[in-house]
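Fold and contact review
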Amino acid sequence: MTSADDDPRVAELHTVVARLRRELAAHPAELSDRMIAEDELAALAAMVLSGSPDVRRLRRSLLLVAGAIGSVSALGPAIRLVRDAVERFGEERAAG
């Protein structure tokens, strides 16, 4: 895999994870699984900073985030953007 500076997927994932983190932080409702979502979003952000995220770990984190806050319709668009960005990491392997 190329460096983080050369891989647009990494930049995209960084952007959408940051967006979801901001939206979750600003969401006023009490969410029983908020801590799980925040922890996994932090893990996703750390993987992005590493520059070479593990696709299986990305998908696992995405599933945990979606399970924790996926029913909150206000966060749905941001979760979909994260899902789309994570899926792009699997496209290269599938095409090869």
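Residues numbered from 1 in each chain as written. Predicted model: local features only at pLDDT ≥ 70, side-chain atom pairs only at ≥ 80, totals over all residues. Heavy atoms only, no water.

**A closer look at the environment of Ala37**
Note on placement: Ala37 falls in helix H2 (residues 34-50). Judged by relative accessible area, which is 0%, Ala37 ranks as buried. Along the chain, Ala37 and Val65 lie 28 residues apart, while their C-alpha atoms are 4.6 Å from each other. Ala37 has contacts with Leu24, Val65, Ala68 and Ile69, leaving out every residue within four places of it along the chain. (Helix = DSSP H or I, 4+ residues; strand = E, 2+ residues; numbered from the N terminus. Buried < 20%, exposed > 50% of the residue type's maximum accessible area, 1.4 Å probe, protein only. Contact = heavy atoms within 4.5 Å.)

**Some remarks on the packing of H2 against helix H3 (residues 55-69)**
Between H2 and H3, whose axes approach to 8 Å, the crossing angle comes to 155°. Classed by the angle they form, the pair H2 and H3 counts as roughly antiparallel. Crossing of H2 over H3 shows left-handed handedness. Contact residues: H2 offers Ile36, Ala37, Glu40, Leu41, Ala43, Leu44 and Met47, while H3 offers Arg57, Leu58, Arg60, Ser61, Leu64, Val65, Ala68 and Ile69. (Axes fitted to C-alpha atoms, helices over the stretch in contact; angles between N-to-C directions. Parallel < 35°, antiparallel > 145°, perpendicular 65-115°, else oblique. Left-handed = near helix turned anticlockwise from the far one by under 90°.)

**Structural notes on the pattern of salt bridges**
Under the defined criterion, the tally for this structure stands at six salt bridges. Between Glu12 and Arg88 there is a salt bridge whose closest N-O contact spans 3.1 Å. Of this pair, Glu12 sits in helix H1 (residues 8-26) while Arg88 is found in helix H4 (residues 76-95), placing the two residues 76 residues apart along the sequence. With a closest N to O distance of 3.2 Å, Arg57 and Glu40 form a salt bridge. Placement of the pair is Arg57 in helix H3 and Glu40 in helix H2, with a sequence separation of 17 residues. By relative accessible area, which is 27% here, Arg57 ends up partly exposed. (Salt bridge = Lys/Arg side-chain N within 4 Å of Asp/Glu carboxyl O.)

**Some thoughts on H3**
When the terminal C-alpha atoms of H3 are compared, their 21 Å separation across 15 residues agrees well with the 21 Å that a helix rising 1.5 Å per residue should span. Among the residues of H3, Val55, Leu58, Ser61, Leu62, Val65, Ala68 and Ile69 are the ones counted as buried. An end-on view of H3 places all buried positions within 155° of arc, on one side of the element. In H3, those exposed residues whose orientation departs by more than 90 degrees from the buried face are Arg56, Leu63 and Gly67. (Expected span 1.5 Å × (residues − 1). Arc of directions from axis to C-beta.)

**Details of the side chain of Arg9**
Checked against the element boundaries, Arg9 lands in helix H1. One polar contact links the side chain of Arg9 to the main-chain carbonyl oxygen of Arg88, over a distance of 3.4 Å. (Polar contact = N/O pair within 3.5 Å; in protein donor to acceptor, adjacent residues only side chain to side chain.)

**Topic: the side chain of Arg34**
Tracing the chain through its elements places Arg34 in helix H2. Buried Arg34, no salt bridge; nearest opposite-charge side chain is Glu38, N-O distance 4.2 Å. A distance of 2.7 Å separates a polar side-chain atom of Arg34 from the backbone oxygen of Ala29. Sequence-distant contacts of Arg34, that is, excluding residues within four places in its chain, are made with Leu24, Ala25, His27, Pro28 and Ala29. (Lys, Arg positive; Asp, Glu negative; His and termini not counted.)

Nothing here speaks to function; it is geometry throughout.
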